[in-house]
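Geometric and topological summary
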Amino acid sequence: MNKTIGILAHVDSGKTTFAEQILYHTKSIRQRGRVDHKDAFLDSHNIEKERGITVFSDQAYMSYKGSNYYLIDTPGHIDFSSEMERSIQIMDYAIVIISAVEGIQGHTETLWQLLRKHNVPTFFFINKVDRVGADVEGVLKEIKLNLTDDICNITETFNKDEMKEELIEFIAERDEELLEKYMEDSFEKGLWLNNMKNMIKQNKIFPCSSGSALQDIGIVEFLDKIHELTFTDYSVEDSFSARVYKVRHENNGTKVTYIKCLSGTLKVRNELSYSDEENKICEKVTQIRVYNGNKFKTVEKVSAGQVFAVTGLTVPSIGDGLGTLREKSSYEIVATLKSKVIFDYSLNIKHVLKCFRILNSEDPSLNVTWEESLQEIHINVMGIIQLEVLEQLVKERFDFSVVFGEPEILYKETIDTVVNGYGHFEPLGHYAEVHLKLEPTKRNYGIEFENNCHTDDLTVGNQNLISHHIYERDHHGILTGSSITDIKVTLLTGRAHNKHTSGGDFREATYRALRQGLEKAQNILLEPYYNFKIKVELDYLGRVLSDIQKSYGSFDAPKTIGNKAIISGNVPVATFMNYSTELIAFTQGKASMSLLFAGYERCHNEEEVIKRIDYKKNADFDYTSSSIFCSKGQAYTVTWDKSEKEMHCL
């Protein structure tokens, strides 16, 4: 049986030490490493050794009592949350490590919400019980209060020989049929074990154990419980399907694609096919690797449930489905900051951009863009630590130095009115016209496309081209040049020419129609918001509430538990991104705060931001709102406010 188990935690909760113990007890490694000794098996990168934190998701292979396990170690720092989330989607089960001393911390709640979004069955391990100040019962109460009521402590109530009555009662309370069995005094272990396994798999209950990874307390017992309480049912007989979850490049440029097989089998030299806009592409798998840390062995065949990597594939990217799986993954974690790449201009700009596009293929959340008019490379990031790591990474991998500009908030734009947009592109020898309807949609829905065009007006092929051009890149708004979002775009009609319409004509007409519609609409600037949860002693409650209001945030009525208050609400990232440092300072470290990206809402200081960015919309030639017409063999430009009268389809 193949099982993929992920380990997740807030930074410094002991996650890497826990992984070392698991690997040691399954005889996957001969010697247990430590973060502070810089010899942890799954923190093998120089950057991870220097910083003492996990930056990259890595995997280990282990065998235990007849089952094959793929252990996925994920970053615990919030700046590398995107890397962590990409790994979550291939996990069969997850283990969340929580410190018995610090309890639930800011990032713990983010992890929990992501695991629930992706429906990953989850175990908890309360670590560091050997430390002064450890409070297992207190952490269990925190989990029940902040994460889930459906947690059961199996440290003493479950082992390979018995299930204690209090655990059976816990299970029975969550199922009416089982409750009847319990009332009949039916305590046969097989019945309750099977039901417990199914309820864990269905995310109805979440087992928890405690111990100390550093002192090797409770690790083997927890491993046995994981082994007995987990199962998978992958089908080898079905057609091949798989998910790409990671991409890396070797020094010689070879692309290594990391994959989780969900069904069927894959052999070396098998061909996989994909379709892009114009062509069907077939690529042959040239090598299959099973990784264990930074080392691998090659195999001829893999099957459902296995985690592996292949060479030979150049097209698939992170999140893509392979084989019969066509759906691309969607991710919750979104970068809210952008930064400019600053480098020595004696370097070849094309080479620098090529290197950053390699990094972008390995971490799509970077969203590397080339600003032609500014001759600048821009990236999206989560925070300062990520930028520091990127500086080291570029130097190490590509042997040149970069620094980054001060991170700025990543704004977006939308509209508040319904308008029609018209675009015409007719330089000599070309012809395309597109009519679009633009409508505002619910916040954080992105761009939606609907086709109401009749085939009498445009062929299906041309209609599909227009749809593709709507989605193929981010489109600039007219307030700050930021990406537009939360707009429904409907294709109303259009026109082509049998002789003169050629490749790219509908791209030009579509872009111009979209931009012309924006010129006529009521435009709105959006900024990213956090969902926050702050736990603070009552003495500091007034100060915190005042700070939230000053930061243009909103909050629900605080909840009081003992001498502490819990405050939840929403606040702009721009005003709150550095508040944790201030909070810790004035509470002498007696408060905690968790932040989770909450999407985009109306910008609290729209006029100020628009003035500061000073976007020159008429100078952004890649996003012009003018149309081009032709008369007597001569092309001429018509500005957006006059072009509607000259459209051919009206």
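Located above this text is the structure these notes cover.
Remember, predicted model here, so these are calculated numbers, not experimental data.

This paragraph deals with the sheet that holds strand β5 (residues 122–127). Spatial strand order, β2-β3-β1-β4-β5-β7-β6: 7 strands in an open sheet with mixed pairing. The open sheet has two edge strands with one neighbour each: β2 (58–64) and β6 (151–153). Each strand of the sheet is rotated relative to its neighbour by a mean of 25 degrees, with strand direction disregarded. Strand direction decides the pairing type here: strand β1 (residues 2–9) and strand β3 (residues 67–73), joined by 6 bridges, are parallel.

What follows is about the packing of helix α14 (residues 541–550) against helix α16 (residues 579–586). Here α14 crosses α16 at 160 degrees, and the two axes come no closer than 12 Å. As judged from the angle between their axes, α14 and α16 are roughly antiparallel. In this structure, the crossing between α14 and α16 has a hand that is right-handed. Seen from α14, the contacting residues are Arg543, Val544 and Asp547; seen from α16, they are Tyr579, Glu582, Leu583 and Phe586.

In this section: helix α11 (residues 384–398). In this model, α11 (15 residues) spans 21 Å end to end at C-alpha, consistent with the 21 Å of a helix rising 1.5 Å per residue. All buried positions along α11 are accounted for by Gln386, Leu387, Val389, Leu390, Leu393, Val394 and Phe398. For α11, the angular spread of buried residues about the axis comes to 160 degrees, placing them on one side. Just past α11, the residue aspartate 399 takes up positive phi, approximately 60 degrees.

Within strand β4 (residues 93–99), 7 of the 7 residues are buried, which leaves the element mostly enclosed by the surrounding structure. Side chains Tyr93, Ile95, Ile97 and Ser99 project from β4 onto one buried face, and the interleaved Ala94, Val96 and Ile98 project onto a second face that is buried too. Of the pairings in the sheet, the one linking β1 to β4 comprises 5 bridges and is parallel in character. Bridge pairing links alanine 9 to isoleucine 97 in β4. The sheet contact formed by β4 and β5 spans 6 bridges and is parallel. Within β5, the position partnered with valine 96 by the bridge is phenylalanine 124.

On to the pattern of salt bridges. The final tally for this structure, using the stated rule, is 28 salt bridges. Its salt-bridge partner being lysine 617, residue glutamate 519 comes within 2.9 Å of it at the nearest N-O pair. Of the two residues, glutamate 519 sits in helix α13 (residues 505–520) while lysine 617 sits in the loop between α17 (606–613) and β34 (627–631), which places them 98 residues apart along the sequence. Overall, glutamate 519 belongs to the buried group, its relative accessible area being 10%. For lysine 617, a relative accessible area of 29% corresponds to the partly exposed category.

Examined against the element boundaries, serine 212 turns out to sit in the loop between β7 (206–210) and α9 (219–229). Only 2.8 Å separates the side chain of serine 212 from the side chain of aspartate 130, close enough to count as a polar contact. In this structure serine 212 touches Phe125, Asn127, Lys128, Val129, Asp130, Ile217 and Ile219, once residues within four positions along its chain are discounted.

What follows covers the packing of helix α12 (residues 460–471) against α13. The interhelical angle for the contact between α12 and α13, taken along N-to-C directions, is 55 degrees, at an axis separation of 9 Å. One finds that α12 runs oblique with respect to α13. Where α12 crosses over α13, the two elements pack in a sense that is right-handed. Facing α12, whose interface residues are Asn462, Ile466, His469 and Ile470, α13 presents Phe506, Arg507, Thr510 and Tyr511. Here the residues of the contact of α12 with α13 sort into 4 nonpolar, 3 polar and 1 charged.

Time to look at the sheet that holds strand β14 (residues 295–299). Here we have 6 strands laid out as an open sheet, ordered β14-β13-β16-β9-β8-β17, and antiparallel in their pairing. For this open sheet the edge positions go to β14 and β17 (321–323), each flanked by a neighbour on one side alone. Mean inter-strand twist for the sheet, computed between neighbouring axes without regard to direction, equals 40 degrees. Both strand β13 (residues 287–292) and strand β16 (residues 307–311) contribute to a ladder of 3 bridges, which runs antiparallel. Across the sheet, the residue bridging to arginine 289 is alanine 309, located in β16.

Tallied over the full model, the rule gives 19 aromatic pairs. Here phenylalanine 18 and phenylalanine 125 contribute two aromatic rings whose centre-to-centre distance is 5.0 Å and whose plane-to-plane angle is 45 degrees, an arrangement assigned as tilted. Pair noted here: phenylalanine 18 is in helix α1 (residues 15–25) and phenylalanine 125 is in strand β5, with a separation of 107 residues, a long-range link. Accessibility assignment for this pair places phenylalanine 18 and phenylalanine 125 in one class, buried. Ring centres of tyrosine 291 and phenylalanine 296 lie 5.1 Å apart, and the angle between their planes is 50 degrees; this geometry places the pair in the tilted category. An aromatic cluster is defined as three or more aromatic residues linked by ring pairs; in this entry it consists of Phe18, Tyr93, Phe123, Phe125 and Phe222. Here the basic side chain of arginine 116 rests over the ring of tryptophan 112, its NZ or CZ set 4.4 Å away from the ring centre. Residue placement shows arginine 543 over the ring face of phenylalanine 586; its charged tip is 3.9 Å from the ring centre.

Thresholds applied
Residues numbered from 1 in each chain as written. Predicted model: local features only at pLDDT ≥ 70, side-chain atom pairs only at ≥ 80, totals over all residues. Heavy atoms only, no water. Pairing = 2+ DSSP bridges. Helix = DSSP H or I, 4+ residues; strand = E, 2+ residues; numbered from the N terminus. Axes fitted to C-alpha atoms, helices over the stretch in contact; angles between N-to-C directions. Parallel < 35°, antiparallel > 145°, perpendicular 65-115°, else oblique. Left-handed = near helix turned anticlockwise from the far one by under 90°. Contact = heavy atoms within 4.5 Å. Expected span 1.5 Å × (residues − 1). Buried < 20%, exposed > 50% of the residue type's maximum accessible area, 1.4 Å probe, protein only. Arc of directions from axis to C-beta. Salt bridge = Lys/Arg side-chain N within 4 Å of Asp/Glu carboxyl O. Polar contact = N/O pair within 3.5 Å; in protein donor to acceptor, adjacent residues only side chain to side chain. Nonpolar A, V, L, I, M, F, W, Y, C, P; charged D, E, K, R; others polar. Phe/Tyr/Trp six-rings, centres within 6.5 Å; stacked < 30°, edge-to-face > 60°. Lys NZ or Arg CZ within 6 Å of the ring centre and 35° of its normal.

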